[in-house]
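Now for the letters of each chain:
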Amino acid sequence: MELNFKLIVLTLSILFTGLTAGLCFTWSNAVTPGLGRLDDLGFLKAFQAMNRSILNPTFIIVFMTPCLLLFINAFLFKNTNQFTFTSYLVAAILFFTGVGLITIFKNVPLNEILDKTILETATNVELLELRKTFEQPWNRWHMVRTVCSFTSFALLVTGLLFNK
């Protein structure tokens, strides 16, 4: 197979989508359940620290690049068989809406509420209320991101397998 722009875009699409799906899966199955076992202050401090550390260029590039790259990929494969094109287009739409938009409009606003709170001076009642405001909605929206990123990854791999 000749290395060309189309192949590079497909490879990066699969790689970045797979990395994002793996990250989301790990958070859903290990990180958030583990954090959920902590007391309110411990939970909120740990989540606040992770939210602050995850905002770095490498993470942002890997996590958000598929929002654009998957549409370019679908466009590049528009003249292939219908199944492959449809798989790539659905993967793009699903990732953009279920990961990109959910992150921007659901998870990030919750992260910002948590980030603005000075946890060390909050009362136990305030910590409990903040956790109730944050934890369940964040986990619910994150589960949507997990399912959408995994499904997008699976659609990319399936489209690749059926590409002729």
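Residues numbered from 1 in each chain as written. Predicted model: local features only at pLDDT ≥ 70, side-chain atom pairs only at ≥ 80, totals over all residues. Heavy atoms only, no water.

1. Focus on the overall build of the protein
Heads up, the rule is: The helix count covers DSSP runs of H or I at least four residues long, the strand count covers runs of E at least two residues long, and both are numbered beginning at the N terminus. Relative accessibility thresholds used throughout: buried, under 20% of the residue-type maximum; exposed, over 50%; partly exposed, between the two (1.4 Å probe, protein chains only). By definition, residues are in contact when any of their heavy atoms lie within 4.5 Å. Counted as positive: Lys and Arg. Counted as negative: Asp and Glu. His and the chain ends are not counted at all. The location of each charge is read from NZ of Lys, CZ of Arg, CG of Asp or CD of Glu.
Helix and strand counts for the protein stand at five helices and zero strands. Along the first, second and third principal axes, the C-alpha atoms of the protein reach 60 × 25 × 25 Å. For the protein, buried positions account for 38% of its 164 residues. Restricting to contacts in the protein with at least 6 residues of sequence separation, those with at least 24 account for 81%. Computed over 12 positive and 9 negative side-chain charges, the inter-centroid distance for the protein is 12 Å.

2. So, a nonpolar patch on the surface
Note the threshold: Note that patches include only residues with greater than 30% relative accessible area and no salt bridge, and the join distances are 9 Å for like charges and 5 Å for nonpolar side chains (Val, Leu, Ile, Met, Phe, Trp, Tyr). The method behind every accessible area is Shrake-Rupley, applied with a 1.4 Å probe, and residues are considered shielded solely by the protein chains displayed. The salt bridge criterion pairs a side-chain nitrogen of Lys or Arg with a carboxyl oxygen of Asp or Glu, the two atoms within 4 Å.
Together, Leu3, Ile8, Leu12, Leu15 and Leu19 make up a nonpolar patch on the protein surface, roughly 440 Å² of accessible area in all. The topology assignment puts leucine 19 in helix α1 (residues 5-36).

3. Looking at the side chain of serine 149
Where we set the bar: Identification of polar contacts relies on pairs of N or O atoms within 3.5 Å, with a donor-acceptor requirement for protein atoms, meaning one able to donate a hydrogen and the other able to accept it, and with residues adjacent in sequence counted only if both atoms are side-chain atoms.
Here serine 149 lies in helix α5 (residues 124-162). Exposure remark for serine 149: the relative accessible area of 0% places this residue in the buried category. There is a polar contact of 3.1 Å between the side chain of serine 149 and the backbone oxygen of threonine 146. Leave out the neighbours within four places in its chain, and serine 149 touches Thr17, Thr20, Ala21, Cys24, Phe95 and Val99.

4. Quick look at the layout of surface pockets
As a reminder of what qualifies: Cavities and pockets are defined on a 1 Å grid built over the protein atoms alone: a cavity is a set of grid points where a 1.4 Å probe fits but cannot escape, while a pocket is an open set with protein on both sides within 12 Å along at least five of seven lines, and lining residues are those with an atom within 4 Å of any such point. Grid points are joined across faces, edges and corners, and a volume is the space filled by probe spheres set on the points. Under the scheme applied, nonpolar residues are Ala, Val, Leu, Ile, Met, Phe, Trp, Tyr, Cys and Pro; charged residues are Asp, Glu, Lys and Arg; polar residues are all the others, including Gly.
Considering only enclosed or pocket space, the largest pocket measures out at about 440 Å³ in volume. As for the largest pocket, its lining consists of 22 residues, of which Ile54, Leu55, Phe59, Val108 and Asn111 are closest to the centre. Looking at the lining of the largest pocket, the elements with two or more residues in it are α1, α2 (40-54), α3 (57-76), α4 (82-116) and α5. The element best represented in the lining of the largest pocket is α4, accounting for seven residues. Residue composition of the lining of the largest pocket, by class: twelve nonpolar, six polar and four charged.

5. A look at the confidence of the model for the protein
For clarity, the threshold we go by: Each residue carries a pLDDT score, the predictor's own confidence in it, on a scale running from 0 to 100.
In the predicted model, the protein carries a mean pLDDT of 96, and 99% of its residues have values of at least 70. The spread of mean pLDDT over the elements of the protein runs between α3, the lowest at 96, and α5, the highest at 98.

6. Things to note about the packing of aromatic side chains
For clarity, the threshold we go by: We call Phe, Tyr and Trp rings a pair once their centres come within 6.5 Å, taking the six-membered ring for Trp, and we label the pair stacked below 30 degrees between planes, edge-to-face above 60, and tilted otherwise. Criterion for a charge above a ring: Arg CZ or Lys NZ at most 6 Å from the ring centre, at most 35 degrees from the ring normal.
Tallying each qualifying case throughout the model produces eleven aromatic pairs. Geometrically, the ring pair formed by phenylalanine 43 and phenylalanine 47 is tilted, given 5.5 Å between the ring centres and 50 degrees between the ring planes. With a gap of four residues between them, phenylalanine 43 and phenylalanine 47 both fall in helix α2, about one helical turn apart. The same class applies to phenylalanine 43 as to phenylalanine 47, namely buried. Counting every residue linked through ring pairs, the aromatic cluster contains Trp27, Phe43, Phe47, Phe134 and Trp138. The ring of phenylalanine 77 is capped by lysine 6, whose NZ or CZ atom sits 4.5 Å from the centre of that ring. The positively charged end of lysine 78 is found above the aromatic ring belonging to phenylalanine 75, 4.1 Å away from the centroid.

7. So, the packing of α3 against α4
Here is the rule: The axes are straight lines fitted to the C-alpha atoms, using for helices just the contacting stretch, and the angles between their N-to-C directions are given from 0 to 180°. In this scheme, roughly parallel covers angles under 35 degrees and roughly antiparallel covers those over 145, while 65 to 115 is roughly perpendicular and the rest are oblique. In this scheme the handedness of a crossing depends on how the near helix is turned from the far one: anticlockwise by less than a right angle means left-handed, clockwise means right-handed.
It is at 8 Å that the axes of α3 and α4 come closest, and there the two elements cross at 155 degrees. Between α3 and α4, the interaxial angle falls into the category roughly antiparallel. α4 is crossed by α3, and the crossing has left-handed handedness. Along the contact surface, α3 presents Phe63, Met64, Pro66, Cys67, Leu70, Phe71, Asn73 and Ala74, while α4 presents Phe85, Tyr88, Leu89, Ala91, Ala92, Ile93, Phe95, Phe96, Val99, Gly100, Thr103 and Ile104. Of the residues in the contact of α3 with α4, the class split is 17 nonpolar, three polar and no charged.

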